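Architecture at a glance
As a plain string of letters, each chain reads:
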Amino acid sequence: MSPRKRRPSMLDPAPEQPDMVVEIEYNSGLHPRDAKYEDLEKAKEYPHRFYLRPAECTAQVMWEEPDESGRLQLMGPAPYRLRSDHSKHPCYLRVKNTTPHKVRMLWIDYNGNEIAYELVEPGNTVIQQTFTTHPWLVREVTTCTELLLNGCEAFVASPAMLEQSRRAAAAAAVAAAASGANAQQHQQQNGQAGQQQQQQQVQLQPGIPVVEVEVQELPQLIWTKETHAYFPAWFKTNIQTLLLCHQKLQHAIVNEADGHDGRTHLGHIPSLLMPHIVALAAPETPQGVHFPTVARSCIKPILLPAPPSKEDDETEQGTAAAEEPEGVEDMEE
């Protein structure tokens, strides 16, 4: 007769647990980190050259051109390699980060490369001096996912935006003058936040317009047969297994000699319903500015202030090329 096993007691030491593999939580609003990018949060010096964009790195842009009657018509979208052009019309960008992500602002210089600038915390606002024709973009600091500025992958201020900003500033000045006492009382109630805002406004040069810009999250990718390739690998593997099982069970039903045996299984689902089931099962996956048009349908093209020119401006380009790359003197102020 074998001895009876002793029941475990609460006083017994806990059994050793195998080492658990810590799974990294995947943020559905960001793309996996690309190894070719450095860590935007840990880099030591800014501004500096962050990424040399290859020649094939283009963006979808639109622009206005006059027709035969002189009316402006919206042209595009068309692929275009972004770069800064002239520095004739200064302006400020008031960039508000409306996302839960910490982002870094990047200026696209005269050669189309990315220069890293201010770090913008979630919910914070920064003011950046720039010029019209100068493109800006933002990246999340840990994964380097490129987020949106006013719904586009990059932002370029235009003379029309500056004129609209001037009109808004003039209207605000008239309203402030009419209710000066109320404005002063409101500023005192704001406390320290109001003082910080006042200090920042003092640094702005008078007469230079300020353009409002919002950092926005990427829209979610909608599953279709055309966008299936841009979903995570694990999802595509599971869907492949599901569809193969469905196809095999359907063939088994057709080949059954005794007909239907009363049991319902995956094979009885009509093939026309399977795409709808896959779409409902698709995980949250963000669209990407690096995706083709079919997989970035909710990302707006960039509106350029002037028609894109394939010819380089020899004055601006030559000066920029002569001053690069060590000191990066062609930076924004």
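As a starting point, this report considers the structure included with it. (Residues numbered from 1 in each chain as written. Predicted model: local features only at pLDDT ≥ 70, side-chain atom pairs only at ≥ 80, totals over all residues. Heavy atoms only, no water.)

1. What about the sheet that holds strand β12 (residues 302–303)?
- If you walk across this open sheet you meet the three strands as β3-β2-β12, and the pairing is mixed. Among the strands making up the open sheet, the edge pair consists of β3 (72–80) and β12.
- Inspection of the sheet shows strand β2 (residues 59–66) paired to β3 by seven bridges, in the antiparallel sense. Across the sheet, residue Glu 64 finds its bridge partner in β3, namely Leu 74. (Pairing = 2+ DSSP bridges. Helix = DSSP H or I, 4+ residues; strand = E, 2+ residues; numbered from the N terminus.)

2. What to know about the pattern of salt bridges
- Within the structure shown, the criterion is met by eight salt bridges.
- With its nearest N and O atoms 3.6 Å apart, the salt bridge here joins Lys 102 to Glu 121. With Lys 102 in the loop between β4 (90–97) and β5 (103–108) and Glu 121 in the loop between β6 (114–120) and β7 (125–131), the pair connects residues that are 19 residues apart, well separated along the chain.
- Classification of Lys 102 by relative accessible area gives partly exposed; the value is 21%.
- Close ionic contact of Arg 139 with Glu 146 constitutes a salt bridge, the shortest N to O distance being 3.7 Å.
- A relative accessible area of 3% places Arg 139 in the buried class.
- Ionic contacts of the salt-bridge type, sharing partners, join the residues Arg 53, Glu 114, Arg 139 and Glu 146 into one network. (Salt bridge = Lys/Arg side-chain N within 4 Å of Asp/Glu carboxyl O. Buried < 20%, exposed > 50% of the residue type's maximum accessible area, 1.4 Å probe, protein only.)

3. Considerations on the sheet that holds β6
- Pairing within the open sheet is antiparallel, and its five strands lie in the order β1-β6-β5-β8-β10. Strand pairing shows two members of the sheet lacking a second neighbour, β1 (48–51) and β10 (155–156), which therefore form its edges.
- In the sheet, β5 pairs with β6 via five bridges, with the strands oriented antiparallel. Considered in β6, the bridge of Trp 107 is made with Ile 115.

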